[in-house]
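# Fold and geometry: a report
So you can see what is in the structure, the chains are spelled out below.
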Amino acid sequence: MFNYCSVRGPPGTRKTPADLQAQGVNSWRANAPTGATDKHGKDYVSNQESPSNPATGKFWQPAADNADNSMRPDPIDIEHGFALAVHQALRDYQRPDHLRSNPLLGSRLVSAALVQSPATPPTQALRELLRRHCEALGQNPKTSRFQQVLQHTYLVPLRSQQAAADALHMSWSTYRRCLADAVRMLGAALWEAESALRPVQANTNLARRPVWGWYAMTAMLLVTVGIAGSVYWQSHRRRRESEMLNTGPVTLAVLPFMDLDPKSGSHYLSDGITDELITRLGRNPQLRVVAHTSSFSLRGKPLDVRDVGRILGVNHVIEGSVQQTSDSLLIHVALVNTANGYESWSDELTASRRDIFKTEQAIADAVIQQLHLPADPAHTAHTNNYPAVNPEARDAYLVGMEYLNSRTVPDIQQAITYFQKSIHEDPNYADSWAALSMAYAVWRDYTDDERPDSHYGDALRAVNKALALDPSLSMAHAVRGLLYEQHWDWLRAKRQFQFALKLDPSNATAQQWYAIYFWFTGDPRQSVKLMQVARDLDPLSPIINVDLGRALSYAGASQQAAAQFRTSAALAPQFGLTFDFMAENDITTGNYAHALADIHTAEIVWGKPADSSLVMETGVAEAGLGQKALAREALAELQGRAAKHYLSGVTLAEVYWSLDEQDQAFAELQRAARDHDHLLMVVAGPIWAGMRTDPRFAHIRKLMNLPAADTP
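Attention here is on the structure that accompanies the text. (Residues numbered from 1 in each chain as written. Predicted model: local features only at pLDDT ≥ 70, side-chain atom pairs only at ≥ 80, totals over all residues. Heavy atoms only, no water.)

## Considering the overall build of the protein chain
Scanning the protein chain for helices and strands turns up 33 helices and eight strands. Relative to its 712 residues, the protein chain shows a buried fraction of 57%. The contacts in the protein chain between residues at least 6 apart in sequence include a share of 65% that link residues at least 24 apart. If you sum the accessible surface of the protein chain, you get close to 29,000 Å²; carbon and sulfur atoms cover 51% of it. (Helix = DSSP H or I, 4+ residues; strand = E, 2+ residues; numbered from the N terminus. Buried < 20%, exposed > 50% of the residue type's maximum accessible area, 1.4 Å probe, protein only. Contact = heavy atoms within 4.5 Å. Areas by Shrake-Rupley, 256 points an atom, 1.4 Å probe, with all protein chains shown as cover.)

Printed below as a string of structure tokens:
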């Protein structure tokens with residue numbers, strides 16, 4: 001399964017979305033007590049230095065253990081926040097320097113311990129508190145294994161969690177469940193002890209903090225967006241959990257397989273097996289499989305499978321490990337029910353690297369059987385005749401996929417090099433041809449200084465070769481559909497997208513591209529419907545969440561679009577494209593001042609010279625505010641860039657139109673249509689409603705092979 005493809009986005013904007021959401025940190029920030037700080041002494045809510053005592057306004061700073069105890073944080077009165085602080089304290093048990101900023105230092109338990117032993121450093125008192133309560137778990141035979149797990153993982157840790165699982169003679173899934181239960185049980189025991197102490201009434205009159213400059217305002221905006229989006233995301237997630245876990249189709253996520261030999265540098269082998277299982281299982285029409293982006297965003301997170309089920313909205317999870325021995329692979333795989341956390345099935349297989357496809361298909365078949373789903377006859381005939389794999393060709397392909405999933409121009413170029421190397425090793429390896437075609441097809445979306453058709457021929461030749469070798473490759477059909485769409489061949493594009501989804505109903509990228517097809521052809525409601533399906537298939541993908549917001553905006557649902565953009569910002573606060581499209585939505589509603597704030601936020605997040613789309617939006621917003629001189633400055637900046645390298649005609653047309661220079665605007669749109677500029681999708685949006693009433697717009701649609709009327 002390939003990673004997502006942004007329709008348009010500057011290089012380097014990729015960011016894994018689930019790091020904060022999956023661990024509940026957004027919820028902790030939303031409920032954190034005043035004075036709670038992170039490892040760097042920053043306030044969890046505002047990322048500013050935080051006063052530990054609201055009455056005095058003193059700041060809590062990381063300090064030596066013998067520092068004044070009055071500088072410790074205030075007690076935590078929120079159980080969820082307390083539990084998160086306990087978990088963080090366990091992780092930092094061997095790092096007293098990090099423990100110095102843990103909110104538990106302000107707990108009543110630590111305060112009581114320091115009263116009894118004033119000479120004890122606060123961090124040592126916290127460590128002793130954790131140790132004693134862990135030992136208490138060990139005194140009960142029913143909870144003794146929880147003490148052992150905590151001991152080997154945090155208090156006296158082994159070299160890795162896998163080593164801890166091996167030492168305790170537990171499978172990896174059993175170990176993870178036991179660890180999650182142990183942390184929760186320890187947190188509950190400490191909270192009960194904390195609550196038994198006399199509560200301290202806190203002064204809630206917060207000192208007003210000065211906020212200086214655009215950067216501070218932007219930081220506050222990011223935090224506000226994150227908290228609001230988190231609330232929206234949590235409510236949406238709970239609704240989706242109820243729908244997915246209690247009714248509807250069988251849902252599944254394949255978590256990244258562990259590489260048990262990390263020093264070998266061959267983790268791409270375990271990633272390749274994960275991707276292949278996602279692809280093969282996704283082909284079954286009775287099964288909805290979460291896409292690569294969301295699955296891999298949870299890599300390395302200390303989550304119980306039950307938490308994974310809630311986050312991804314699935315009722316089953318596949319997890320496993322891979323160990324390489326000479327020319328063979330030892331693969332352990334387990335199917336786990338997310339409702340109760342228990343394994344439904346597990347197996348251990350030894351596979352030759354040349355026959356890895358057969359082994360992957362055997363695993364997929366076993367999972368389908370265990371889920372009591374009918375096998376799809378359309379795929380059975382194909383999957384029973386896998387050729388032997390050239391190991392060198394597959395290795396090069398898997399490394400290339402790692403680069404392609406990074407989605408920057410240098411990484412895409414590296415990916416192409418590896419795909420070509422793979423094809424050199426095995427000219428009949430269809431997967432490498434398909435991956436090569438995708439790399440060429442999406443290149444145009446990550447650079448704005450090359451003509452849109454620069455790599456069209458390369459992509460078309462590669463995808464035709466891939467499908468000649470293997471007509472059943474869903475992603476190859478999706479890429480061919482994208483190429484047809486990019487050349488305004490709408491009927492063939494639609495057929496290819498539909499066929500790709502017939503081959504693999506869980507192909508989130510094909511769903512996303514098919515939804516964008518309806519932007520062009522003027523059916524925004526269908527676009528929203530399909531983009532929602534893509535989001536459910538890849539719930540943690542930043543670009544798909546952002547594109548859902550854009551689809552809502554194009555359908556005229558600007559308030560829903562704004563809410564979706566806030567959700568996207570909560571998932572991936574550093575994904576600058578979110579704020580770019582927020583600005584577009586604000587311009588649509590005439591909220592030009594907010595649009596300028598969103599543009600400024602995007603510039604800070606990207607941390608580089610403003611992308612041409614941001615310069616364009618600045619010009620349009622300034623013109624909307626009546627600042628024609630500032631709008632012309634933005635136009636001059638774009639014209640200067642156009643003199644140095646290729647610049648989209650759509651980008652210039654929007655500013656020309658906002659300045660009432662309609663002839664120039666239509667001239668640029670005609671150039672964009674002749675160039676097969678994919679940015680012409682914006683002409684279907686509300687921001688272009690006025691232009692679509694101009695008789696000259698019919699000529700633009702004709703150049704794009706669309707009907708003259710503004711209908712599909």
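After that view, the rundown keeps rolling.
## Re the nonpolar core
Counting 146 residues, the largest nonpolar core has Leu281, Leu669 and Leu680 as its most contacted members. Among the elements that line this core, the one with the most residues is helix H18 (residues 430–443), at 11 residues. Aside from chain neighbours lying at most four places away, what touches leucine 281 is Leu252, Val254, Leu287, Val289, Ile318, Ala364, Val367 and Ile368. Leu109, Trp172, Val183 and Leu186 belong to the second-largest nonpolar core, a separate cluster that totals 36 residues. (Core = buried A, V, L, I, M, F, W, Y, C linked by side-chain atoms within 4.5 Å.)

## Here we look at the packing of aromatic side chains
Enumeration over the complete set of coordinates arrives at 15 aromatic pairs. Seen in terms of ring centroids, tryptophan 488 and tryptophan 490 are 5.7 Å apart; in terms of plane orientation they differ by 25°. Their pairing is stacked. The exposure class of tryptophan 488 is buried, given its relative accessible area of 3%. For tryptophan 490, a relative accessible area of 7% translates into the label buried. A network of ring pairs unites the aromatic residues Trp488, Trp490, Phe497, Tyr514, Tyr517, Phe518 and Phe520 as a single cluster. The ring of tyrosine 93 carries arginine 127 above its face, with NZ or CZ at 4.4 Å from the centroid. (Phe/Tyr/Trp six-rings, centres within 6.5 Å; stacked < 30°, edge-to-face > 60°. Lys NZ or Arg CZ within 6 Å of the ring centre and 35° of its normal.)

## A short note on helix H5 (residues 108–116)
Among the residues of H5, Arg108, Leu109, Val110 and Leu114 are the ones counted as buried. On the buried face of H5, the contacting elements are helix H6 (122–138) and helix H9 (172–196).

## With respect to the environment of tyrosine 456
By the element assignment, tyrosine 456 lies in helix H19 (residues 456–469). Once residues lying within four places of it in the same chain are set aside, the contact partners of tyrosine 456 are Leu483 and His487.

## Focus: the side chain of asparagine 390
Secondary-structure assignment places asparagine 390 in the loop between helix H15 (377–383) and helix H16 (391–404). A distance of 3.3 Å separates a polar atom in the side chain of asparagine 390 from the backbone oxygen of glutamate 425. Once residues lying within four places of it in the same chain are set aside, the contact partners of asparagine 390 are Arg354, Glu425 and Asp426. (Polar contact = N/O pair within 3.5 Å; in protein donor to acceptor, adjacent residues only side chain to side chain.)

## Some details on the pattern of salt bridges
Considering all chains together, one arrives at 23 salt bridges under this definition. With a shortest N-O distance of 2.8 Å, arginine 95 and aspartate 97 are connected by a salt bridge. Judged by its relative accessible area of 38%, arginine 95 falls in the partly exposed class. Classification of aspartate 97 by relative accessible area gives partly exposed; the value is 33%. Between arginine 461 and aspartate 458 there is a salt bridge, and its shortest N-O distance comes to 2.7 Å. Of this pair, arginine 461 and aspartate 458 both sit in helix H19, three residues apart, roughly one helical turn. Judged by its relative accessible area of 27%, aspartate 458 is partly exposed. (Salt bridge = Lys/Arg side-chain N within 4 Å of Asp/Glu carboxyl O.)

## Structural notes on unusual backbone geometry
Positive phi outside glycine occurs at histidine 676, with the angle close to 60°. Among the residues examined, histidine 676 registers a relative accessible area of 16% and is labelled buried. Although it is not a glycine, asparagine 705 adopts a positive phi angle of roughly 60°. Tracing the backbone through its elements, the reader meets asparagine 705 in the segment after helix H33 (697–703).

## So, the pairing of strand S8 (residues 343–352)
Note that strand S7 (residues 328–337) and S8 share nine bridges and pair antiparallel. When the bridges of S8 are listed, leucine 335 appears paired with tryptophan 345. (Pairing = 2+ DSSP bridges.)

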